[in-house]
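Below are the chains, spelled out letter by letter.
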Amino acid sequence: MAVGQVGSAGDSLVVTDLSKSYFESQSGARAVEKVSFTVPEGCFYTLLGPSGCGKTTTLRCVAGLERADAGTITLANRIFSSPTVFVPPHRRDIGMVFQSYAIWPHMTVFENASFPLRVRNTGLTRKQIQERVEQALATVQLSGFESRNATQLSGGQQQRLALARALVQQPRLLLLDEPLSNLDAKLRERMRSEIRDLQRRLHITTLYVTHDQIEALSMSDRIAVMSKGTLMQESAPRDLYQHPASKVVAEFVGAGNFLEGEVTAVLDGNERRVATPIGDLVAVCPPDASAGTRLTLLVRPEYVRVETSRPEGSNVFEGRIEEIMFLGEFVDCRVRVRGQLLNTRPHPTRPLTKGDTVWLVLRPDLCSALMTP
Amino acid sequence: MATRAEVARGPLTIAGSGLRVDLLAVAAGIPIVLILIILGAVAKLAFQERVFDDTFTVDHFVALATDPAAGLALRNTALFALLTTFWAMAFGLPIAWLVERADLGKKAAVSTAMSIGVLIPGFIYAMGWILFAHPRSGLLTKLFQGIGIETPPFDLLTIPAMAWVDGMSFAPIVFILTAASLRMMDASLEDSAQMCGAGLLQRLRLVTLPLLLPSLAGAAIYVFTIALASFDVPLVIGVSNRIYVFSTYLYTQVQRFEGVPAYEIAAAFAFFMIAFGVVLAWVYGRVLARSREFQVVTGKAYRSRLTALGQWRPVAWAFLGGYLLLSIGLPLIVLLWTSFLPFPQLPSVRAFSLLTTSNYAELNWPLIGRAVRTTVLLMILAPLVALTAAIAVSWFVLRTRSRLRFAFDFMAFLPQVVPRIVFAFGALMLTIGVWVRPPIDVYGTVGLLVVVMALVQLPFATRLVNASLIQIHNELEEAARTAGAPTLTVLRRVTLPLIRPSLVYGWVWLSLLSYRELTIPTMLRAGDTVTLSAVIYDNYLTGLIGPLAALVVLMLLVLVPLIGIYWRVGGSRRPTV
């Protein structure tokens, strides 16, 4: 490990009732409306949402680049922003990576990376600064590039340099604003695991903003989904995918089939019999769902088993393949069951063709119930 | 042997030679060759004994180096250009910053006022200042004398004072040049410095200024080239007091009121300026390349936050208002006032009782009528020729792989860095047959005026067309080509319609600049080809101040509807220079 653990106990970020609106916005709608969340110390926390959902505004309020209209922001119990207090960004001790990397083209790699140490009264000697910068550059595998001109770096290298610059001051909080969106697909995949590993090694509290669900699911400890300025749901990645709290979240994260239904019988444990357009099926539902409760069932395409002969057991539905498309990793297969079209993803080696009759098997615990709003 | 079908389809083939001649390349070559011939004529004259005696000699350069008058003109030129650049930057840059990066407000109004500043002819600024601050007859002098001070503390008839007047008239150009780079600077570069812990002053010193430095240097060099060529202010203020800079020195050598025109020494001086211009063009290119390097890829562009002026707001408005009053307001008010008086005097009860319109009635209207005709012809034709040439040159530079394209690009920029009076001088030398006797007598024709004006406007026109051609994706043209259109059809049916807004805008802007032009019309004037600007200068020489002021006021009044047209055509476009 090069930089050493920078996070320390208690470096948790607490955002309470954050609101922000822009005067320029014509609708007068709030960019961020009463958003609250806590990023525990050492946690990789992601704000996920479509563009315009308020995630970047939230991040910029945490950074201090925007001033919140209401709410408080504290880091390690120190108030950064409240109705009475505003700490300017350069006194917040935060490292930030910008979407455009914001590498200064008139400086060398070393000058860029050492900037945070040079402009602060760190009390470090020249030699100590040199050591710290070398360490930081080594952490992001840019050793030996010190005297290179910043304009001579590739996109991926600029990205690493931005990361080194954000980490060199050993900040208590790391902010990342869509850092991978300007990279090509292959590099993005690699940087995903690199940033993730680095964060784990340094154990630094991190707030990450992205619109890419794969980035969010693969890197985060916790994900908060935002939409139209509000926070919709906060969960661990697996929970978010398997048990989204609402249709909005379910639609934004992954693909899904939605079946409107009504509980007809309460079975063992949390299992309920639900009447849906494709017929009665058994699904695991929230404990308070009783007979007559209306709800929406989410069935992820890859969780549907596709059989070419009728299998034994319950939750089996007969249908006809209406459309089939080979996509390499899987087959996108659309099956018509009693008028409703269901997306499934059978294994690409399966000999399925359009017009085949198939039987779909849905596992009760993989049909998640969304309470109808 | 090319068949007719082949000829119709593509590049012409000269029979049997195997040489392919592209029509567009030829069209692009014409202005470039003209530039080279004109500058070549000056160079040839600089190294030969006399105009019609081409024995090689370097005597004129020796004369130039030893002649005290020429040496003084050279020093004056350097001092004048440096000080003018300084004043233009000192006014233009802070105003650009206030408009683009501070919460000054009234952005559109200030930008409008500044671009109008570019269009007011330089000689009108100069005449306004002469009437206002001439050490013997100026209103300011009379004001000082009225309170018992015989010599005012400010002498207009000096190089620094002329530079002050000209610098203020060039400040709008600096404004236009720097506003763009201030506006486009990626805000995250400053934001990230703040996240690293840098305070406001550290950010300005370590990030903002170094990042802007190349484009500021570019603006300074650009204005410096204009100041080197400046003619109006040195002519109006300097010549009557025998203070010469390069352009007025050249002018007085050619348009001698007594003695024989000293064409050869003028040519030697001009040759020196050409060489210096080439160096300037090279430096300018380097600086621009550096500033382009700084334009890093940006993701989503955040609107840069505006600096809150707070208690400094009144100071900012005072600075801006003071500038507008001194540069545009004062000369115009003085001219308007003088135009209604039988002789210049300070406002008083008696002065108000003397107000008259006789100055307007006494104007030589037939002459003005002819001047208007020439001016209108020049305003329509010069931009047309310049833009046509620019389309050919830009196409050649951007759309072909020819090895000549860099040379063409550089050559088309030469009229920017070589003082325009050199082109007028070179053209004059060509018409009197310094190279070969011209087959037709073009001296004193509107055609000559149009061609030289168009060449001088070529750098602006090519940069405008370049900028819009770069925006048009190659594939739009390639699609037309694969659809079966030959080059000229692609140009006519796809490219030109796409860049038409730019072309119309360029035409109107260049037309306005033709209206205010004095250098080339006075150098190439003869007989009937006199423009409004030249008529005004003639009136100035006669010393009849009243009619002069009246004529200037009329010329400015005509400018108002013209600027209206420009605004309609330009829309939200910002002026370029």
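Here, the structure is the one placed above.
Overview of the structure. Bear in mind that the values here come from a model prediction, so they are computed numbers and not experimental data.

Basis of the calculations
- Residues numbered from 1 in each chain as written.
- Chains lettered and ligands numbered in written order.
- Predicted model: local features only at pLDDT ≥ 70, side-chain atom pairs only at ≥ 80, totals over all residues.
- Heavy atoms only, no water.
- Helix = DSSP H or I, 4+ residues; strand = E, 2+ residues; numbered from the N terminus.
- Buried < 20%, exposed > 50% of the residue type's maximum accessible area, 1.4 Å probe, protein only.
- Contact = heavy atoms within 4.5 Å.
- Areas by Shrake-Rupley, 256 points an atom, 1.4 Å probe, with all protein chains shown as cover.
- Lys, Arg positive; Asp, Glu negative; His and termini not counted.
- Charge placed at Lys NZ, Arg CZ, Asp CG, Glu CD.
- Phe/Tyr/Trp six-rings, centres within 6.5 Å; stacked < 30°, edge-to-face > 60°.
- Pairing = 2+ DSSP bridges.
- Axes fitted to C-alpha atoms, helices over the stretch in contact; angles between N-to-C directions.
- Salt bridge = Lys/Arg side-chain N within 4 Å of Asp/Glu carboxyl O.
- Buried area = accessible area lost by both parts, 1.4 Å probe.
- Polar contact = N/O pair within 3.5 Å; in protein donor to acceptor, adjacent residues only side chain to side chain.
- Patch = residues over 30% accessible without salt bridge, like charges linked within 9 Å, V, L, I, M, F, W, Y side chains within 5 Å.

Comments concerning the overall build of chain A
Working step 1: Along chain A, the regular secondary structure elements total eight helices and 20 strands.
Working step 2: If one aligns the C-alpha atoms of chain A with their principal axes, the spans along those axes are about 75 × 50 × 40 Å.
Working step 3: Out of the 373 residues in chain A, the part that is buried amounts to 52%.
Working step 4: Long-range pairs, those at least 24 residues apart, make up 66% of the contacts in chain A between residues at least 6 apart in sequence.
Working step 5: Within the structure as shown, chain A displays about 16400 Å² of accessible surface, and the carbon and sulfur contribution to it stands at 47%.
Working step 6: Of the side chains in chain A, 43 bear a positive and 40 a negative charge, and the two mean positions are spaced by 4 Å.

Description of the environment of alanine 102 of chain A
Working step 1: Residue position: alanine 102 of chain A is located in the loop between strand 6 (94-97) and helix 2 (109-119).
Working step 2: Under the relative-accessibility criterion, alanine 102 of chain A is labelled buried at 1%.
Working step 3: Separated by 268 residues in the primary sequence, alanine 102 of chain A and leucine 370 of chain A have C-alpha atoms spaced 42 Å apart.
Working step 4: Excluding its chain neighbours within four sequence positions, the residues that come into contact with alanine 102 of chain A are Arg165 of chain A together with Ser188, Leu189 and Ser192 of chain B.

A word on the environment of tyrosine 323 of chain B
Residues and elements named next belong to chain B.
Working step 1: Assignment of secondary structure puts tyrosine 323 in helix 14 (residues 313-339).
Working step 2: For tyrosine 323, a relative accessible area of 2% corresponds to the buried category.
Working step 3: Apart from residues no more than four positions distant in its own chain, tyrosine 323 is found in contact with Phe91, Ile95, Met114, Met168, Ala171, Pro172 and Ile328.

Let's talk about the packing of aromatic side chains
Working step 1: All told, the structure shown has 26 aromatic pairs over all chains when counted by the stated rule.
Working step 2: For the ring pair phenylalanine 44 of chain A and tyrosine 208 of chain A, a centre distance of 5.3 Å and an interplane angle of 40 degrees mean the geometry is tilted. In this pair, phenylalanine 44 of chain A sits in strand 3 (residues 44-48) while tyrosine 208 of chain A sits in strand 8 (residues 205-210), placing the two residues 164 residues apart along the sequence.
Working step 3: Classification of phenylalanine 44 of chain A by relative accessible area gives buried; the value is 0%.
Working step 4: Tyrosine 208 of chain A gets classed as buried once you look at its relative accessible area, which sits at 0%.
Working step 5: An angle of 65 degrees between the planes, with centres 4.8 Å apart, marks the rings of phenylalanine 246 of chain B and phenylalanine 269 of chain B as edge-to-face.

Some thoughts on the sheet that holds strand 10 (residues 230-235) of chain A
All names here are of chain A.
Working step 1: Reading across the sheet, the six strands line up as 6-7-8-3-9-10 and stay open at both edges, with mixed pairing between neighbours. Among the strands making up the open sheet, the edge pair consists of strand 6 and strand 10. The sheet shows a mean angle of 20 degrees between the axes of neighbouring strands, direction not considered.
Working step 2: Note that strand 7 (residues 173-177) and strand 8 share five bridges and pair parallel. Paired with leucine 174 across the bridge in strand 8 is threonine 206.
Working step 3: With respect to the sheet, helix 5 (residues 185-202) is in contact with strand 3, strand 7 and strand 8, its orientation differing from that of strand 3 by roughly 140 degrees.

Considerations on the pattern of salt bridges
Working step 1: Applying the stated criterion across every chain yields a total of 23 salt bridges over all chains.
Working step 2: A salt bridge links lysine 55 of chain A to glutamate 178 of chain A; its shortest N-O distance comes to 3.6 Å. Within this pair, whereas lysine 55 of chain A is found in helix 1 (residues 55-63), its partner glutamate 178 of chain A is found in the loop between strand 7 and helix 5, the two being separated by 123 residues in sequence.
Working step 3: Taking the relative accessible area as the measure of exposure, lysine 55 of chain A reaches 4% and is therefore buried.
Working step 4: Residue glutamate 131 of chain A is joined to lysine 127 of chain A by a salt bridge in which the shortest nitrogen-to-oxygen separation is 3.5 Å. Here lysine 127 of chain A and glutamate 131 of chain A lie together in helix 3 (residues 126-139), a separation of four residues that amounts to about one turn.
Working step 5: Taking the relative accessible area as the measure of exposure, glutamate 131 of chain A reaches 41% and is therefore partly exposed.
Working step 6: Connected through shared salt-bridge partners, Arg60 and Glu66 of chain A together with Asp191 of chain B make up one network.

Brief notes about the interface of chain B and chain A
Working step 1: Between chain B and chain A, the residue contacts involve 28 residues of the former and 28 residues of the latter.
Working step 2: Regarding the contact of chain B and chain A, the summed buried area is about 2500 Å², with carbon and sulfur atoms giving 61% of it.
Working step 3: Connecting chain B to chain A are one salt bridge.
Working step 4: Put simply, arginine 60 of chain A and aspartate 191 of chain B hold a salt bridge, and the shortest N to O gap is 3.2 Å.
Working step 5: Put simply, chain B and chain A have eight residue pairs in polar contact (both at pLDDT 80 or more) between them.
Working step 6: Of all the secondary-structure elements, those providing two or more residues to the side of chain B that touches chain A are helix 9 (187-195) and helix 10 (200-229) of chain B.

Topic: the side chain of glutamine 233 of chain A
Residues and elements named next belong to chain A.
Working step 1: Its location among the elements puts glutamine 233 in strand 10.
Working step 2: Here alanine 245 takes part through its backbone nitrogen, which lies 2.8 Å from a polar atom of the side chain of glutamine 233.
Working step 3: Setting aside chain neighbours within four positions, we find glutamine 233 in contact with Ile223, Ala224, Val225, Leu240, His243, Pro244, Ala245 and Val249.

Quick look at a nonpolar patch on the surface
All names here are of chain B.
Working step 1: The grouping of Val372, Val376, Leu377, Ile380, Leu381, Leu384, Val385 and Trp507 at the surface amounts to a nonpolar patch, some 580 Å² of accessible area in total.
Working step 2: With seven residues, helix 17 (residues 365-399) is the single largest residue contributor to the nonpolar patch.
Working step 3: Relative to the helices and strands, valine 372 is located in helix 17.

A few points about the sheet that holds strand 17 (residues 331-337) of chain A
Residues and elements named next belong to chain A.
Working step 1: Pairing in this open sheet of five strands is antiparallel, and the strands run 15-19-16-17-18 from one edge to the other. Pairing within the sheet leaves two strands with one partner each, and these edge strands are strand 15 (305-307) and strand 18 (340-344). Averaged over all pairs of adjacent strands, the angle between their axes in this sheet comes to 40 degrees, without regard to strand direction.
Working step 2: As defined by bridge partners, strand 15 adjoins strand 19 (residues 357-361) across three bridges and the pair is classed as antiparallel. Counted as the bridge partner of glutamate 307 is tryptophan 359 from strand 19.

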